[in-house]
Amino acid sequence: MKKIALLDDELISRNKISTILQNFPQFEIVLSTANPYELLNYLEIYSVDLIFLDMNMPIMNGLAFLEQLELIDRTTKVIVMSGYADFNYASGSMKYGVVDYLLKHELSEEVISEALKKINFFTDEPMAAPAYETPSLRDFFHGNTSFLMQQYPHFVTEKMVGLVMIPISISKNVWDKEKYKRKVSAVLEQLILDTKNETIEMLSFVTDDGKLFMLYSFAKIKSYKAINDYLETIKNKCYHAAKRLLDVELFLLRSPVSNQLSEVLELFKSDERISDLLFFSRPNELLHFSSQECSKNVFQQHEIALYLKKIYFYTKYIEPENIEYYSKKLFEYIREKRVARSLALELIAQIDFQISLAMSNSFRQPMETMIQINYYQQFDTLLRIEEDFFEAISLSVKNFQKEVFKPVDEPVKKCILYLHQHFKEPISLQTCAEAIDLNYSYLSRVVKQQWGQSFSKYLSELRIDYAKLLLSTSSCSVNEVTRQSGFANYNYFFRVFKERVGISPYQFNRNIMDYE
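About the criteria used
Residues numbered from 1 in each chain as written. Predicted model: local features only at pLDDT ≥ 70, side-chain atom pairs only at ≥ 80, totals over all residues. Heavy atoms only, no water. Pairing = 2+ DSSP bridges. Helix = DSSP H or I, 4+ residues; strand = E, 2+ residues; numbered from the N terminus. Axes fitted to C-alpha atoms, helices over the stretch in contact; angles between N-to-C directions. Contact = heavy atoms within 4.5 Å. Core = buried A, V, L, I, M, F, W, Y, C linked by side-chain atoms within 4.5 Å. Buried < 20%, exposed > 50% of the residue type's maximum accessible area, 1.4 Å probe, protein only. Parallel < 35°, antiparallel > 145°, perpendicular 65-115°, else oblique. Nonpolar A, V, L, I, M, F, W, Y, C, P; charged D, E, K, R; others polar. Phe/Tyr/Trp six-rings, centres within 6.5 Å; stacked < 30°, edge-to-face > 60°. Arc of directions from axis to C-beta. Polar contact = N/O pair within 3.5 Å; in protein donor to acceptor, adjacent residues only side chain to side chain. Salt bridge = Lys/Arg side-chain N within 4 Å of Asp/Glu carboxyl O. pLDDT = per-residue confidence, 0-100.

A. Geometry of the sheet that holds strand β3 (residues 50-54). Judged by pairing direction, the sheet is parallel, and its five strands sit side by side in the order β2-β1-β3-β4-β5 without closing on themselves. For this open sheet the edge positions go to β2 (27-33) and β5 (100-103), each flanked by a neighbour on one side alone. Each adjacent strand pair in this sheet contributes to an overall mean axis angle of 20°, direction not counted. One ladder, built from four bridges, connects strand β4 (residues 77-82) with β5; its direction is parallel. The residue bridging M81 from the neighbouring strand is L102, located in β5. Docked against the sheet, helix α5 (residues 109-118) engages β2, β3, β4 and β5, running at close to 175° with respect to β5.

Encoded structure:
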């Protein structure tokens, strides 16, 4: 499989190329970024076959990137892109071995396909099986019991235990997670083999995605306590070894002791079931596998929608504490309901989407968070995902606030933030000016000039948005919504709501109820 990296400061362009390349299963996008330094750091450790490079980037232009790339790797092919035809860029890039120059507005599946054909990127050769994993062992661990009798006729199928060991790389400096996990599992496999004595039989292998599968026979050991003590010793040795390996957390899953081979092999049959079991676990925890199906609870869309609407609102009006509060509520919901991992990731992606959408709508141009749903490894736990998620959200909201207030002076920023915090109270421009110690007339003028609308108009917009949120997420009456959203009386609220929304509060509420 050919590995491709995308370097473009425009999210729309990256998404467009990613969508086109999805039609070619022989290609894998290993990194998509707007930061040239992130790609250069990646290339110091790993290689890619092709880079799609934007020539016009704010941090480092395309030619400067090509100069740096030449110092690291002269073999990677590069296709450069630009929003306009520029002979100097085109000719300047060709001296670095660039294979094609594409115009962004002409990008299509046909154009990209032709560019890839020029560099012989299409091949019909089948992929070779990994050297570290034989097909016969793979088939055996997935239920082909005849292999055991053919290849290991002396393996005693009594007092058997299945064990799955899964290392999770938690370092953000490790780009090829699966490759690193395979290396870790190979080290742990050798450690276990070195400690095995002649009374114990064991079969093991490392999978493509870095899991270590082990099948034990303890037929020569009489005591079940001795079996459990041995497994506990293995667990401790591997945990201590994992600490010495760079940023690795280790998870172990074992089957019950059994004389039925098919029962023990149930442990290895489904990656999805292993993933669901590990999802709610903690590092260094030995989990006991049951042959019963894992829970597949489906979350309630209506209940989730209420939280997502609140997250959208509080992102739009830049209230980090409430964004975090309601996002944590959803993580608590996942734990409480023990939502299946695949559904939980869908929900986390919805949180990410609502935050990105609110930022984009408020800023009036596409903005994305620093959350990378695809970054989360197949066997990552909810705890690890949650830690990474809230770190990314915090940075994203800080960057969003910085971008929103970049065009305005400090007095306007103070005024808007004060308004966000106190809009439910009976405030006015005069009370705001006094609170932030500024002249009323000056504040009125600069807010309208720099924020694009008057204080009173923006206050009404904020209060109406909050009223819509209450009407769609609570059981409050229209009179209660009037009071809670900061309006002095119902008649004024009714008139402003209908002017801005186009329908009355009662009709809006009825539409929400009909939809539900």
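Past the structure itself, the notes keep going.
B. Up close: the nonpolar core. Of all hydrophobic cores here, the largest spans 71 residues; its most connected members are L443 and W451. Here this core gets 10 residues from one element, more than from any other, and that element is helix α19 (residues 455-473). Not counting chain neighbours up to four residues away, the residues in contact with L443 comprise P411, C415, L429, C432, A433, I436 and L438. Within the second largest apolar cluster, 26 residues are counted, among which are Y180, M202, V206 and I227.

C. A look at the packing of helix α1 (residues 11-21) against α5. Axis separation between α1 and α5 bottoms out at 10 Å; the angle between their running directions is 70°. Considering their axes alone, α1 and α5 lie roughly perpendicular with respect to each other. When α1 is examined against α5, the residues I17, I20 and L21 are found in contact with a partner set consisting of E109, I112 and L116. Taken together, the residues of the contact of α1 with α5 break down into five nonpolar, no polar and one charged.

D. Fine view of the pairing of β3. By the criterion of burial, β3 is predominantly enclosed, with five of the five residues buried. Here β3 shows a buried face lined by L50, F52 and D54 and a second buried face lined by I51 and L53. Looking at chain direction, strand β1 (residues 2-7) and β3 are connected through four bridges and run parallel. Residue pairing in the sheet places L7 in a bridge with L53 of β3. The pairing of β3 with β4 spans five bridges and is parallel. Each bridged residue has a counterpart across the sheet, and for F52 the counterpart in β4 is I79.

E. Quick look at the packing of aromatic side chains. Enumeration over the complete set of coordinates arrives at 30 aromatic pairs. Both rings, one in F24 and one in F27, keep their centres 5.8 Å apart while their planes meet at 50°; by these two values the pair is tilted. With centroids separated by 5.4 Å and ring planes inclined at 50°, the aromatic side chains of F331 and F390 adopt a geometry described as tilted. Of this pair, F331 sits in helix α13 (residues 320-337) while F390 is found in helix α15 (residues 382-404), placing the two residues 59 residues apart along the sequence. Under the relative-accessibility criterion, F331 is labelled buried at 1%. Counting every residue linked through ring pairs, the aromatic cluster contains Y307, F313, Y314, Y317, Y325, Y326, F405, F423, W451, Y458 and Y466.

F. Region of the structure containing helix α10 (residues 261-269). For α10, the set of buried residues is L261, V264, L265, L267 and F268. For α10, the angular spread of buried residues about the axis comes to 130°, placing them on one side.

G. Examining the side chain of S258 more closely. Along the polypeptide, S258 turns up in the loop between β9 (248-254) and α10. For S258, a relative accessible area of 7% corresponds to the buried category. A polar side-chain atom of S258 sits 3.4 Å from a polar atom in the side chain of E263.

H. A look at unusual backbone geometry. At I318, a position not held by glycine, the phi torsion is positive, near 50°. For I318, the position within the fold is in the loop between α12 (301-316) and α13. We note that R338 has phi near 50°; this positive angle belongs to a residue other than glycine.

I. How the structure looks around the pattern of salt bridges. Within the structure shown, the criterion is met by 13 salt bridges. Of the charged contacts in the structure, one is a salt bridge between K104 and E10, with a shortest N-O distance of 3.4 Å. Note that K104 is positioned in the loop between β5 and α5 and E10 in the loop between β1 and α1, a separation of 94 residues in sequence. K104 gets classed as buried once you look at its relative accessible area, which sits at 11%. In this structure, the salt-bridge partner of D54 is K104, at a minimum N-O distance of 3.3 Å. In this pair, D54 sits in strand β3 while K104 sits in the loop between β5 and α5, placing the two residues 50 residues apart along the sequence. Of the residues examined, D54 reaches a relative accessible area of 2% and is grouped as buried. It is possible to trace a salt-bridge network through shared partners that takes in D8, E10, D54 and K104.

J. Up close: the confidence of the model for the chain. For the chain, the mean per-residue pLDDT works out to 83, and 86% of the residues sit at or above 70. Low pLDDT (under 50) marks residues 124-135, which in the prediction has 11 contacts with non-local residues, meaning those over four places away or in another chain. Scored below 50 in pLDDT, residues 291-295 makes eight contacts in the model with residues more than four places away or belonging to other chains.

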